[in-house]
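Architecture and fold: a report
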Amino acid sequence: MSQPPVDGTSSSVDTPLTALPPPGFWKRVFCLLYEQLILLGVIALLFLLPNLVLGIVFGVSLPSWLTFFYLYGVLAFYFVWYWTRTGQTLAMQTWRVKLVSTSGARLTRRQALWRYVYGSLWLVPCILIQASAELQKWGIIGLLFAVSLFLWPLTIYLDPRHRQTIPDRLGKTKLITLPKIEKKK
């Protein structure tokens, strides 16, 4: 069994995943912002391109409910695929954040899918606010960004001991901050 380094630094080899700290509020916000930028590319490739082909070639557009479920499925595939492979999406890799089960193990497909569903619950307050305030166009987009980037990550303060969000508590998962990798000279 390896001993932790005397100087207080650690590596992922020395520290079990369950002992690593959760990311703070601002790290979560910046990771989510970067994730949304990456998702623009994913959506453009897997959502807009097929819909443009359907519209231009066949003159058909999908009904809004089907479009929503298709987009929801595309994003579910993206997140579940990354979370079950490495525990990290591209944005999470950049910010050294990893999603693991509460025991520190890699997520199963079922667990990752449920984590995605629970992570989508931020849409509920958006729908309720939009319906009551009758927001249009940019108001809806602003609301979506405000809730997903700031209000949803604030739920870490509902669990001050573990600092995990609602989806993590419901899905029996946790976000951890990976230590910096020391560069060899």
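For the structure itself, consult the block above.
Here's a quick rundown of the structure. It should be emphasised that the depicted structure is a prediction, and the values quoted were computed from it without experimental measurement.

For the rest of this paragraph, the subject is the layout of surface pockets. If you add up the space inside the largest pocket, you get close to 1,400 Å³. Gln36, Leu39, Leu75, Trp122 and Ser148 are, among the 40 residues lining the largest pocket, the residues nearest its centre. Of all the secondary-structure elements, those providing two or more residues to the lining of the largest pocket are helix 1 (25-58), helix 2 (64-85), strand 1 (97-101), helix 4 (109-119), helix 6 (138-151) and helix 7 (166-171). Of all the elements, helix 1 adds the most residues to the lining of the largest pocket, at 12 residues. Here the residues of the lining of the largest pocket are counted per class, giving 28 nonpolar, eight polar and four charged.

Evaluated as defined, the whole model comprises 15 aromatic pairs. Between the aromatic rings of phenylalanine 30 and tryptophan 95, the centroid separation amounts to 5.8 Å while the plane-to-plane angle is 15°, which identifies the pairing as stacked. In this pair, phenylalanine 30 is assigned in helix 1 and tryptophan 95 in the loop between helix 3 (90-94) and strand 1, connecting sequence segments 65 residues apart. Relative accessible area serves as the criterion here: at 39%, phenylalanine 30 is assigned to the partly exposed category. For tryptophan 95, a relative accessible area of 30% gives the class partly exposed.

Attention shifts here to the packing of helix 2 against helix 4. For any two helices packed against each other, the geometry is given by the interaxial angle and the distance between the axes. Taken N-terminus to C-terminus, the directions of helix 2 and helix 4 make an angle of 130°; their axes are 9 Å apart at the nearest point. It follows that helix 2 is oblique to helix 4 by the angle criterion. Handedness of the helix 2/helix 4 crossing: right-handed. In this structure, helix 2 uses Tyr72, Leu75, Ala76, Phe79, Val80, Trp83 and Thr84 to contact helix 4, whose residues at the interface are Arg109, Ala112, Leu113, Arg115, Tyr116 and Val117. Within the contact of helix 2 with helix 4, the residues separate by chemical class into 10 nonpolar, one polar and two charged.

The rules behind each value
- Residues numbered from 1 in each chain as written.
- Predicted model: local features only at pLDDT ≥ 70, side-chain atom pairs only at ≥ 80, totals over all residues.
- Heavy atoms only, no water.
- 1 Å grid on protein atoms, 1.4 Å probe; cavity = no way out; pocket = protein on both sides within 12 Å on 5 of 7 lines; lining within 4 Å.
- Points joined across faces, edges and corners; volume = space filled by probe spheres on them.
- Helix = DSSP H or I, 4+ residues; strand = E, 2+ residues; numbered from the N terminus.
- Nonpolar A, V, L, I, M, F, W, Y, C, P; charged D, E, K, R; others polar.
- Phe/Tyr/Trp six-rings, centres within 6.5 Å; stacked < 30°, edge-to-face > 60°.
- Buried < 20%, exposed > 50% of the residue type's maximum accessible area, 1.4 Å probe, protein only.
- Axes fitted to C-alpha atoms, helices over the stretch in contact; angles between N-to-C directions.
- Parallel < 35°, antiparallel > 145°, perpendicular 65-115°, else oblique.
- Left-handed = near helix turned anticlockwise from the far one by under 90°.
- Contact = heavy atoms within 4.5 Å.

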